[in-house]
Amino acid sequence: MIRLAIVEDEDSNAEILSGHIQRYAAQTGEKIISTRFSNGVDFISDYSFSFDIIFMDIKMPYMDGMTAAKKLREIDPEVALIFVTNLKQYAIHGYEVNALDYIVKPLSYYDFEMKFVKALRYVNEHQSTSTFIDIEDGKKKILLSKLYYIEVRGRKLYFHTEEGCFETRGQLSALEEQLREKRFIRCDNSYLINLRHVMEIHKNDLLVGEDLIPVSRRKKAEVMVKIAEYLSGGIS
Amino acid sequence: MKALELILMFSGSFHVQLAAAGLLFWRHLKLRSGRWAALGLMGAYCALPFLFQLLYFPSAQAQDVIPGIWGQSYYLIAVAFGVVYWFCFQFSTLQEFLFYYIPAIIIQHSLYDLSSIADHVWPALPGWAANGLHLLLLLLLYLIVDILFIWRLPKGSGFSSIQNSYLIPFTFFAAFLVYGLSVWTRANETFTYGAYLFDLICCALTLVVHFGKFTQSKLEREKELILQILQGEQEKHQLSTQTIEMINRKSHDLKYQIASLKNMSQSEQLSSLSQLENAVNFYDNTVKTNNETLDVLLYERSFAWEKYHINFTCIADGSKLNFMMPEDIYSLFGNALDNAIESVQTIDDIEKRVVSLSVTAKGNILVITVSNYYNQDLRFDGGFPVTTKQDKEYHGFGIKSIQYIAQKYGGTISIQPQDGIFKLTVMFPLEQES
């Protein structure tokens, strides 16, 4: 189920957008719930992380879209954001607020669909799935979105996460299958990395999270393409 | 007479002919830094056998001794020449050295075949005349080889390194075999024209293979085409910068016009205003991405969006493109957008003509993505779509051009046709600030 917010002061535009959303939902069977806000202030003041995708107009009273977006990013740096506007001059700098894309008026269905599909994929990537691993004193829940990479040394696996490093026993290949869909790839015999946390690319290694992880020569080309594919879906 | 005889004998000696063959590549070789030392070495190599003979066998006839001792050890001389060649010129790799050394051996050997055949056609010639004939053959043959193979050879060590790595060992082995066989037949069999002609043909074929006469042309042609396209784009780029400058000047003028409006009568204002409106609408098409080249390119393409009713949206952090040369920015985005335009312009449903461009960065990674709908059955060849346009050879270069630029800056390309939407992504690592 996808939860949307439409932040738009003009009723006519909001209606057109809703129409497109319903059409998409009908065509694909996706369950979508949308909430309307008439201006940026209302939207920000009650923000509670309850949305997956936000459609934001730029030209609005009280608080314009760009400002609202900046305030949004202070609270929530990751939620998918799509502008709805004719002000291309502003929208082009959407990267400043991590906007995925924008739709121009008149809001044609296909313009909407292309960007909406991109947002849906982005949401999918950022689902908070988790897995459990056995550690010394029991089980530990690992949020995949916070997992940088898994390292194998001998018969032990090390899960490097935002919250620290956790040691467990197991085989990397078994995990690889499970995690492949979740955007994890094997860049080297000893490392399974989370594409989401690739921060820098260097000649022979990658900065994943806070550590430099080597990339085997054999796999380099394949890894680069996978990173490119991943990043083409939007940068978080 | 004696001097002439000496000169002819000199030129007819195996080791000198070999040196001459090696020097046919003079346009492609660089002398070692100790220029005079190199020349001295070459001179010594040529002269030494004769000095040797003069010192130790002053009374004997030259043509008896030279061919006798020195002349029999062909391999030794070839090696000696190799050593001299190596020390006289600069070769960056062994492969490069062999690339010039092996054909030198083969060319001299061809001369030997021709000379032997000539000697049997006219067996009665006196020594000096035979040498004279050999000299003539040398000049003729070396000239022909030069025209056919050498003078059009690209300069620089880069050329020899693009050859297939199996090439050098192959021609080395071939030369070795032909040589060995030739020495053996001369020692063990009576002369036959056939054997020497076959030998000559073998040499010619080996040279053809070695210089890749047939394979290089296609690659060269492709390269020429890409360079031509790049150049054409550079010229367009210059024109466009001029256009942008003109527009900037115009908008500057507009500012003053607007200011002076305040002092006009109402009717004057009305007509001035409508003029202004038109001018400003035109300017509104330009977008500012913080990268001038990209701005120019996007401005140019704005005519295509209008013409084909394409809905184009763009989020671009142009400042991240400064590591790229303007021609490359122009070419990369130009080709990527042209591909998108080509794809959407034939879609019947105008609403579906949507093209989206994104230029964003994360960490030190720059990501450029162009997305658009497509309705043709794209065929893929090696990961890249084969153009459906008739002029395949020319248009397929759009993608190849992008590939070339990606490679140039250490970038990666990803193409994802998914559910009717085509996504081209080019990713570059940015320079790290240390």
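Quantities reported herein were computed from a predicted structural model and do not represent experimental measurements.

Cut-offs applied
- Residue positions are given per chain, counted from 1 along the sequence in the order it is written.
- The lettering of chains begins at A and the numbering of ligands begins at 1, in the order of writing.
- Per-residue local features are limited, in this predicted model, to residues with pLDDT of at least 70; the limit for side-chain atom pairs, both in listing and counting, is 80 or more; totals at the level of whole chains, interfaces and linings are taken over all residues.
- The side-chain figures draw on all heavy atoms in the structure; neither hydrogens nor water molecules are used.
- Only DSSP runs of H or I covering at least 4 residues are called helices, and only runs of E covering at least 2 are called strands; the numbering of each starts at the N terminus.
- Pairs of residues are marked as contacts when any of their non-hydrogen atoms sit within 4.5 Å.
- Here, Shrake-Rupley sampling with a 1.4 Å probe gives the accessible areas, and only protein chains in the shown set may cover a residue.
- The pLDDT value tells you how sure the predictor is about a given residue, anywhere from 0 up to 100.
- Here's the idea: put two parts together, see how much 1.4 Å probe accessible area each one loses, and the total over both is what we call buried area.
- One speaks of a salt bridge when a side-chain nitrogen belonging to Lys or Arg is within 4 Å of a carboxyl oxygen belonging to Asp or Glu.
- Two N or O atoms count as a polar contact when they lie within 3.5 Å, although within protein this holds only if one can serve as hydrogen donor and the other as acceptor, and sequence-adjacent residues are included solely when both atoms are side-chain atoms.
- Gly is put with the polar residues, along with every residue not named as nonpolar or charged; the nonpolar set is Ala, Val, Leu, Ile, Met, Phe, Trp, Tyr, Cys and Pro, and the charged set is Asp, Glu, Lys and Arg.
- Three labels apply to residues, based on accessible area from a 1.4 Å probe with only protein chains included: buried if under 20% of the type maximum, exposed if over 50%, partly exposed otherwise in between.

Some thoughts on the overall build of chain B
Next, step 1: Helices and strands together make up the secondary structure of chain B, namely 16 helices and nine strands.
Next, step 2: Contacts in chain B between residues far apart in sequence, at least 24 positions, make up 72% of those at least 6 positions apart.
Next, step 3: Surface accessibility of chain B: about 23700 Å² in total, with carbon and sulfur atoms responsible for 62%.

Topic: the confidence of the model for chain B
Next, step 1: Here chain B averages 79 in pLDDT, and 82% of its residues register 70 or above.
Next, step 2: Interface confidence in the predicted complex, given as ipTM, is 0.86; pTM for the same model is 0.59.

Digging into the interface of chain A and chain B
Next, step 1: With 38 residues of chain A at the contact, the number on the chain B side is 41 residues.
Next, step 2: When residues of chain A are sorted by the area they lose upon contact with chain B, A:Tyr95, A:Tyr110 and A:Met114 head the list and together hold 20% of the total.
Next, step 3: Between chain A and chain B we count zero salt bridges in total.
Next, step 4: Counting across the interface, chain A meets chain B through 17 residue pairs in polar contact (both at pLDDT 80 or more).
Next, step 5: Looking at the side of chain A that touches chain B, the elements that each hand over two or more residues are helix 4 (88-91), strand 5 (101-103), helix 5 (109-125), strand 13 (198-201) and helix 7 (220-232) of chain A.
Next, step 6: The residue inventory of the side of chain A that touches chain B, partitioned by class, reads 20 nonpolar, nine polar and nine charged.

Examining the side chain of A:Asp76
Next, step 1: On the secondary structure map, A:Asp76 appears in the loop between helix 3 (65-75) and strand 4 (80-84).
Next, step 2: A polar contact is formed between the side chain of A:Asp76 and the side chain of A:Tyr47, at a distance of 2.6 Å.

Concerning helix 2 (residues 14-23) of chain B
An α-helical turn contains 3.6 residues, so any two residues separated by three or four positions project in the same direction.
Next, step 1: Of all 10 residues in helix 2 of chain B, eight are buried; the element is thus mostly enclosed.
Next, step 2: The set of residues buried in helix 2 of chain B consists of B:Phe14, B:His15, B:Val16, B:Gln17, B:Leu18, B:Ala19, B:Ala21 and B:Gly22.

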